[in-house]
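Given next are the chains, with one letter for each unit.
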Amino acid sequence: MTDSWINFLSDYGADDSCVGVCHGVIARHAPATRVLDVCHSIAPQDVEHAAITLADAVGYLPTGVHLVVVERLDVDGYTHGVAVRTTHGSIFVCPDNGVASLAWDALGGIESVHEIANRELWLPLPTAVFRGRDVYAPVAARLAAGMDLADVGPRLEPDTLTQFRPRTCVVDDDHVHGEVVSIDHFGNMSLNMTRLDLEAAGIMIGDPVEVRAGTRIMRLTFTHTYGEVPRGGVTVCEDALRRVMIAVNCGRASDTLRLRRQDPVVVSQAPRDASPFQIIQDLRFPPNFNYA
(Lines give C-alpha, C1' and ligand atoms only; values in the text may rest on other atoms or scores of the structure.)
Protein backbone atom coordinates (compact mmCIF):
# COMPACT_ATOMS: atom_id res chain seq x y z
CA MET A 1 0.00 0.00 0.00
CA THR A 2 1.24 3.47 -0.80
CA ASP A 3 -1.16 5.07 1.66
CA SER A 4 -0.64 4.30 5.34
CA TRP A 5 -4.22 4.63 6.55
CA ILE A 6 -6.54 2.21 8.32
CA ASN A 7 -10.18 3.30 8.46
CA PHE A 8 -11.72 1.43 11.40
CA LEU A 9 -15.45 0.71 11.91
CA SER A 10 -16.88 -1.64 14.53
CA ASP A 11 -19.69 -2.26 17.01
CA TYR A 12 -17.27 -2.15 19.96
CA GLY A 13 -18.60 1.09 21.47
CA ALA A 14 -16.69 3.33 23.86
CA ASP A 15 -17.41 1.67 27.20
CA ASP A 16 -14.30 -0.49 27.43
CA SER A 17 -10.83 -0.95 25.95
CA CYS A 18 -11.73 -2.93 22.79
CA VAL A 19 -11.11 -0.09 20.33
CA GLY A 20 -7.93 1.00 22.11
CA VAL A 21 -6.59 -2.54 22.17
CA CYS A 22 -7.13 -2.87 18.40
CA HIS A 23 -5.27 0.41 17.96
CA GLY A 24 -2.46 -1.05 20.04
CA VAL A 25 -2.22 -4.20 17.92
CA ILE A 26 -2.08 -2.05 14.77
CA ALA A 27 0.62 0.16 16.29
CA ARG A 28 2.77 -2.87 17.16
CA HIS A 29 2.66 -4.25 13.63
CA ALA A 30 2.54 -1.01 11.62
CA PRO A 31 3.75 1.88 13.80
CA ALA A 32 3.79 4.37 10.92
CA THR A 33 0.15 3.70 9.98
CA ARG A 34 -2.49 6.24 10.93
CA VAL A 35 -5.88 4.99 12.13
CA LEU A 36 -9.09 6.87 11.40
CA ASP A 37 -12.01 5.84 13.61
CA VAL A 38 -15.05 5.96 11.34
CA CYS A 39 -17.64 4.75 13.86
CA HIS A 40 -17.74 2.39 16.83
CA SER A 41 -21.40 2.98 17.77
CA ILE A 42 -22.88 0.46 15.37
CA ALA A 43 -25.73 -1.42 17.04
CA PRO A 44 -24.26 -4.66 18.46
CA GLN A 45 -23.93 -7.37 15.80
CA ASP A 46 -26.07 -5.31 13.40
CA VAL A 47 -24.46 -6.10 10.05
CA GLU A 48 -27.07 -4.13 8.11
CA HIS A 49 -26.51 -0.98 10.19
CA ALA A 50 -22.76 -1.29 9.66
CA ALA A 51 -23.09 -1.89 5.91
CA ILE A 52 -25.21 1.22 5.40
CA THR A 53 -23.06 3.38 7.68
CA LEU A 54 -19.84 2.33 5.94
CA ALA A 55 -21.28 2.82 2.45
CA ASP A 56 -22.41 6.33 3.44
CA ALA A 57 -18.93 7.22 4.69
CA VAL A 58 -16.50 5.42 2.39
CA GLY A 59 -16.47 8.06 -0.34
CA TYR A 60 -15.07 10.59 2.14
CA LEU A 61 -12.32 8.36 3.58
CA PRO A 62 -8.66 8.17 2.55
CA THR A 63 -7.50 5.36 0.31
CA GLY A 64 -6.03 2.58 2.42
CA VAL A 65 -7.22 -0.40 4.45
CA HIS A 66 -10.80 -0.43 5.69
CA LEU A 67 -10.98 -2.52 8.87
CA VAL A 68 -14.63 -3.49 9.44
CA VAL A 69 -15.49 -5.69 12.41
CA VAL A 70 -19.20 -6.36 12.91
CA GLU A 71 -20.28 -9.99 12.92
CA ARG A 72 -22.63 -12.48 14.53
CA LEU A 73 -21.69 -15.74 16.22
CA ASP A 74 -24.13 -18.50 15.25
CA VAL A 75 -24.27 -22.26 15.66
CA ASP A 76 -21.55 -22.70 13.04
CA GLY A 77 -19.23 -20.17 14.67
CA TYR A 78 -17.98 -17.03 12.97
CA THR A 79 -17.92 -16.55 9.22
CA HIS A 80 -14.49 -16.65 7.63
CA GLY A 81 -12.64 -13.40 7.12
CA VAL A 82 -11.69 -11.91 3.77
CA ALA A 83 -9.35 -9.27 2.40
CA VAL A 84 -10.88 -7.58 -0.64
CA ARG A 85 -8.99 -5.22 -2.96
CA THR A 86 -11.19 -2.86 -4.98
CA THR A 87 -10.51 -1.37 -8.39
CA HIS A 88 -10.19 1.93 -6.51
CA GLY A 89 -7.10 0.59 -4.71
CA SER A 90 -8.45 0.27 -1.18
CA ILE A 91 -8.52 -3.03 0.73
CA PHE A 92 -11.35 -4.19 2.99
CA VAL A 93 -10.49 -6.50 5.89
CA CYS A 94 -13.73 -7.90 7.26
CA PRO A 95 -15.88 -10.98 7.84
CA ASP A 96 -17.60 -12.43 4.80
CA ASN A 97 -21.10 -11.47 5.91
CA GLY A 98 -21.88 -8.62 3.50
CA VAL A 99 -20.85 -5.91 5.94
CA ALA A 100 -18.56 -4.16 3.43
CA SER A 101 -20.21 -5.20 0.16
CA LEU A 102 -22.06 -1.91 -0.39
CA ALA A 103 -18.86 0.01 0.30
CA TRP A 104 -16.63 -1.94 -2.06
CA ASP A 105 -19.28 -1.62 -4.75
CA ALA A 106 -19.20 2.14 -4.16
CA LEU A 107 -15.43 2.06 -4.79
CA GLY A 108 -15.72 0.38 -8.17
CA GLY A 109 -16.16 -3.25 -7.21
CA ILE A 110 -13.77 -6.11 -6.49
CA GLU A 111 -10.41 -6.56 -8.19
CA SER A 112 -9.29 -9.55 -6.11
CA VAL A 113 -10.17 -11.29 -2.85
CA HIS A 114 -8.36 -13.66 -0.50
CA GLU A 115 -9.52 -15.60 2.52
CA ILE A 116 -7.87 -14.58 5.81
CA ALA A 117 -6.56 -18.08 6.53
CA ASN A 118 -2.84 -17.63 7.26
CA ARG A 119 -2.76 -18.13 11.02
CA GLU A 120 0.87 -16.99 11.20
CA LEU A 121 -0.47 -13.45 10.76
CA TRP A 122 -2.89 -13.73 13.69
CA LEU A 123 -2.07 -13.14 17.32
CA PRO A 124 -0.97 -16.27 19.23
CA LEU A 125 -3.79 -18.28 20.82
CA PRO A 126 -6.67 -16.32 19.25
CA THR A 127 -9.91 -16.29 21.21
CA ALA A 128 -13.36 -17.08 19.84
CA VAL A 129 -14.86 -13.75 20.96
CA PHE A 130 -12.38 -11.01 19.99
CA ARG A 131 -11.44 -11.58 16.39
CA GLY A 132 -11.04 -7.85 15.84
CA ARG A 133 -7.98 -7.93 18.08
CA ASP A 134 -6.68 -11.40 17.29
CA VAL A 135 -7.32 -11.75 13.54
CA TYR A 136 -8.49 -8.64 11.71
CA ALA A 137 -6.34 -5.92 13.31
CA PRO A 138 -2.97 -7.66 12.81
CA VAL A 139 -3.86 -8.59 9.22
CA ALA A 140 -5.05 -5.04 8.45
CA ALA A 141 -1.86 -3.61 9.96
CA ARG A 142 0.42 -5.81 7.88
CA LEU A 143 -1.49 -4.97 4.70
CA ALA A 144 -1.24 -1.26 5.49
CA ALA A 145 2.50 -1.72 6.00
CA GLY A 146 2.87 -3.21 2.52
CA MET A 147 2.30 -6.96 2.80
CA ASP A 148 1.03 -8.57 -0.41
CA LEU A 149 -2.66 -9.42 -0.39
CA ALA A 150 -1.96 -13.00 -1.45
CA ASP A 151 -0.08 -13.60 1.81
CA VAL A 152 -3.28 -13.58 3.87
CA GLY A 153 -4.56 -16.83 2.35
CA PRO A 154 -6.00 -18.53 -0.73
CA ARG A 155 -7.66 -16.58 -3.52
CA LEU A 156 -11.45 -16.66 -3.71
CA GLU A 157 -13.87 -15.91 -6.51
CA PRO A 158 -15.64 -12.57 -5.95
CA ASP A 159 -19.06 -14.03 -6.77
CA THR A 160 -18.78 -16.41 -3.81
CA LEU A 161 -18.82 -13.55 -1.27
CA THR A 162 -21.91 -12.62 0.70
CA GLN A 163 -23.66 -9.54 -0.69
CA PHE A 164 -25.89 -7.29 1.38
CA ARG A 165 -28.87 -5.91 -0.51
CA PRO A 166 -30.66 -3.09 1.32
CA ARG A 167 -34.42 -2.91 1.17
CA THR A 168 -35.72 -0.22 -1.13
CA CYS A 169 -38.77 1.98 -0.85
CA VAL A 170 -41.88 1.41 -2.94
CA VAL A 171 -43.72 4.24 -4.69
CA ASP A 172 -47.44 3.43 -4.86
CA ASP A 173 -49.47 6.13 -6.59
CA ASP A 174 -49.44 9.14 -4.23
CA HIS A 175 -47.51 7.59 -1.34
CA VAL A 176 -44.11 6.03 -0.66
CA HIS A 177 -43.60 2.99 1.60
CA GLY A 178 -40.20 2.79 3.27
CA GLU A 179 -38.41 2.43 6.58
CA VAL A 180 -36.00 4.12 8.96
CA VAL A 181 -32.46 3.21 7.87
CA SER A 182 -30.45 5.26 10.35
CA ILE A 183 -30.81 7.51 13.39
CA ASP A 184 -28.01 9.99 13.93
CA HIS A 185 -26.55 11.48 17.12
CA PHE A 186 -29.16 14.24 17.03
CA GLY A 187 -32.13 11.88 16.75
CA ASN A 188 -32.80 12.65 13.09
CA MET A 189 -34.28 9.66 11.27
CA SER A 190 -33.17 9.03 7.69
CA LEU A 191 -35.45 6.93 5.48
CA ASN A 192 -34.67 4.65 2.54
CA MET A 193 -36.25 7.12 0.12
CA THR A 194 -35.09 10.22 -1.70
CA ARG A 195 -36.59 13.46 -2.93
CA LEU A 196 -36.98 11.82 -6.37
CA ASP A 197 -39.13 9.09 -4.80
CA LEU A 198 -41.39 11.69 -3.18
CA GLU A 199 -41.60 13.61 -6.45
CA ALA A 200 -42.63 10.37 -8.19
CA ALA A 201 -45.55 10.31 -5.74
CA GLY A 202 -46.41 13.90 -6.62
CA ILE A 203 -44.84 15.48 -3.53
CA MET A 204 -42.71 18.58 -4.05
CA ILE A 205 -40.73 20.81 -1.70
CA GLY A 206 -43.17 22.99 0.20
CA ASP A 207 -46.07 20.54 -0.12
CA PRO A 208 -48.02 19.29 2.91
CA VAL A 209 -47.49 15.57 3.51
CA GLU A 210 -48.99 12.88 5.65
CA VAL A 211 -46.55 10.62 7.46
CA ARG A 212 -47.62 7.32 9.00
CA ALA A 213 -45.00 6.13 11.48
CA GLY A 214 -45.24 4.00 14.58
CA THR A 215 -48.47 4.80 16.38
CA ARG A 216 -49.01 8.17 14.74
CA ILE A 217 -50.26 9.87 11.64
CA MET A 218 -48.57 13.26 11.21
CA ARG A 219 -49.51 16.05 8.87
CA LEU A 220 -46.28 17.90 8.13
CA THR A 221 -44.59 19.90 5.37
CA PHE A 222 -41.78 18.76 3.06
CA THR A 223 -39.19 21.48 3.69
CA HIS A 224 -35.61 22.17 2.62
CA THR A 225 -34.36 22.00 6.24
CA TYR A 226 -35.69 21.52 9.76
CA GLY A 227 -34.86 25.19 10.40
CA GLU A 228 -37.97 26.12 8.41
CA VAL A 229 -40.34 24.88 11.13
CA PRO A 230 -40.84 26.36 14.60
CA ARG A 231 -38.62 25.24 17.49
CA GLY A 232 -39.84 21.79 18.53
CA GLY A 233 -41.65 21.33 15.21
CA VAL A 234 -41.50 18.09 13.23
CA THR A 235 -40.73 18.16 9.51
CA VAL A 236 -39.78 16.06 6.50
CA CYS A 237 -36.62 17.27 4.74
CA GLU A 238 -33.36 15.99 3.20
CA ASP A 239 -30.32 14.80 5.14
CA ALA A 240 -26.68 15.37 4.17
CA LEU A 241 -26.76 12.35 1.84
CA ARG A 242 -29.93 13.52 0.05
CA ARG A 243 -32.15 10.94 1.70
CA VAL A 244 -35.54 11.90 3.09
CA MET A 245 -35.31 12.60 6.81
CA ILE A 246 -37.77 13.19 9.63
CA ALA A 247 -36.38 15.80 12.00
CA VAL A 248 -37.37 18.03 14.90
CA ASN A 249 -36.02 21.58 15.11
CA CYS A 250 -33.96 21.65 18.33
CA GLY A 251 -35.26 18.24 19.35
CA ARG A 252 -34.96 14.50 18.74
CA ALA A 253 -37.35 13.03 16.19
CA SER A 254 -36.57 9.48 17.29
CA ASP A 255 -37.74 10.29 20.83
CA THR A 256 -40.75 12.29 19.69
CA LEU A 257 -41.98 9.55 17.36
CA ARG A 258 -40.64 6.62 19.44
CA LEU A 259 -39.24 4.90 16.33
CA ARG A 260 -36.25 2.65 15.80
CA ARG A 261 -34.20 1.63 12.80
CA GLN A 262 -36.11 -0.61 10.36
CA ASP A 263 -39.51 0.62 11.58
CA PRO A 264 -41.90 1.19 8.63
CA VAL A 265 -42.79 4.71 7.50
CA VAL A 266 -45.22 5.85 4.80
CA VAL A 267 -45.04 9.36 3.30
CA SER A 268 -47.96 10.44 1.16
CA GLN A 269 -49.71 13.46 -0.24
CA ALA A 270 -51.73 15.12 2.50
CA PRO A 271 -55.49 15.48 2.25
CA ARG A 272 -56.48 18.82 0.77
CA ASP A 273 -57.86 20.06 4.10
CA ALA A 274 -54.73 19.02 6.05
CA SER A 275 -53.02 21.54 8.32
CA PRO A 276 -49.19 21.38 8.39
CA PHE A 277 -47.48 20.38 11.65
CA GLN A 278 -50.68 18.79 13.04
CA ILE A 279 -50.03 15.51 14.81
CA ILE A 280 -52.83 12.95 15.21
CA GLN A 281 -51.84 10.42 17.85
CA ASP A 282 -52.76 6.79 18.52
CA LEU A 283 -53.92 5.90 15.01
CA ARG A 284 -52.16 2.58 14.58
CA PHE A 285 -51.26 0.66 11.45
CA PRO A 286 -53.70 -2.13 10.57
CA PRO A 287 -52.52 -5.55 11.90
CA ASN A 288 -51.48 -6.78 8.43
CA PHE A 289 -49.67 -3.55 7.40
CA ASN A 290 -46.40 -4.05 5.56
CA TYR A 291 -44.44 -1.19 3.98
CA ALA A 292 -43.31 -3.43 1.12
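Predicted, not measured: the structure shown is a model, and the values here were computed from it.

A tally of regular secondary structure across the protein gives 6 helices and 16 strands. In the protein, once contacts between residues fewer than 6 apart in sequence are set aside, the share between residues at least 24 apart is 69%. As displayed, the protein has an accessible area near 13800 Å², and 50% of this comes from carbon and sulfur atoms. Side-chain charges in the protein split into 24 positive and 37 negative, and the spacing between the mean points of these groups amounts to 4 Å.

So, on to the packing of aromatic side chains. Remark: the centre distance and the inter-plane angle together describe each pair of aromatic rings, the angle taken between the planes. All told, the structure shown has 3 aromatic pairs when counted by the stated rule. Here the aromatic rings of Phe-8 and Tyr-12 are separated by 6.5 Å at their centres, their planes lie at 75°, and the arrangement is edge-to-face. Exposure class is identical for Phe-8 and Tyr-12. Each is buried.

Let us now look at unusual backbone geometry. In this structure, Gln-45 takes a positive phi of about 60° despite not being glycine. Along the chain, Gln-45 falls in the loop between β2 (34–39) and α2 (47–57). By relative accessible area, Gln-45 is classed as partly exposed at 41%. Within the chain, Leu-125 stands out as a residue other than glycine whose phi angle is a positive 50°. Mapped onto the elements, Leu-125 comes out in the loop between β6 (110–115) and α4 (131–144).

Below, the discussion takes up the pairing of strand β3 (residues 65–69). Extensive coverage of β3 is indicated by the burial of 5 of its 5 residues. Side chains Val-65, Leu-67 and Val-69 of β3 all project onto a buried face; the interleaved residues His-66 and Val-68 project onto the opposite face, where all are buried too. Pairing of strand β1 (residues 5–10) with β3 involves 5 bridges; the strand directions are parallel. Residue pairing for β3: Phe-8 is matched across the bridge by Leu-67. Direction of pairing for β3 relative to strand β5 (residues 91–95): parallel, over a ladder of 3 bridges. By the bridge assignment, His-66 is partnered in β5 with Phe-92.

The subject of this paragraph is the confidence of the model for the protein. Looking at the protein, pLDDT values average 90 and 90% of them are 70 or higher. Low pLDDT, under 50, characterises residues 276–292; the stretch is placed with 42 contacts to residues that sit more than four places away or in other chains.

Basis of the calculations
- Residues numbered from 1 in each chain as written.
- Predicted model: local features only at pLDDT ≥ 70, side-chain atom pairs only at ≥ 80, totals over all residues.
- Heavy atoms only, no water.
- Helix = DSSP H or I, 4+ residues; strand = E, 2+ residues; numbered from the N terminus.
- Contact = heavy atoms within 4.5 Å.
- Areas by Shrake-Rupley, 256 points an atom, 1.4 Å probe, with all protein chains shown as cover.
- Lys, Arg positive; Asp, Glu negative; His and termini not counted.
- Charge placed at Lys NZ, Arg CZ, Asp CG, Glu CD.
- Phe/Tyr/Trp six-rings, centres within 6.5 Å; stacked < 30°, edge-to-face > 60°.
- Buried < 20%, exposed > 50% of the residue type's maximum accessible area, 1.4 Å probe, protein only.
- Pairing = 2+ DSSP bridges.
- pLDDT = per-residue confidence, 0-100.

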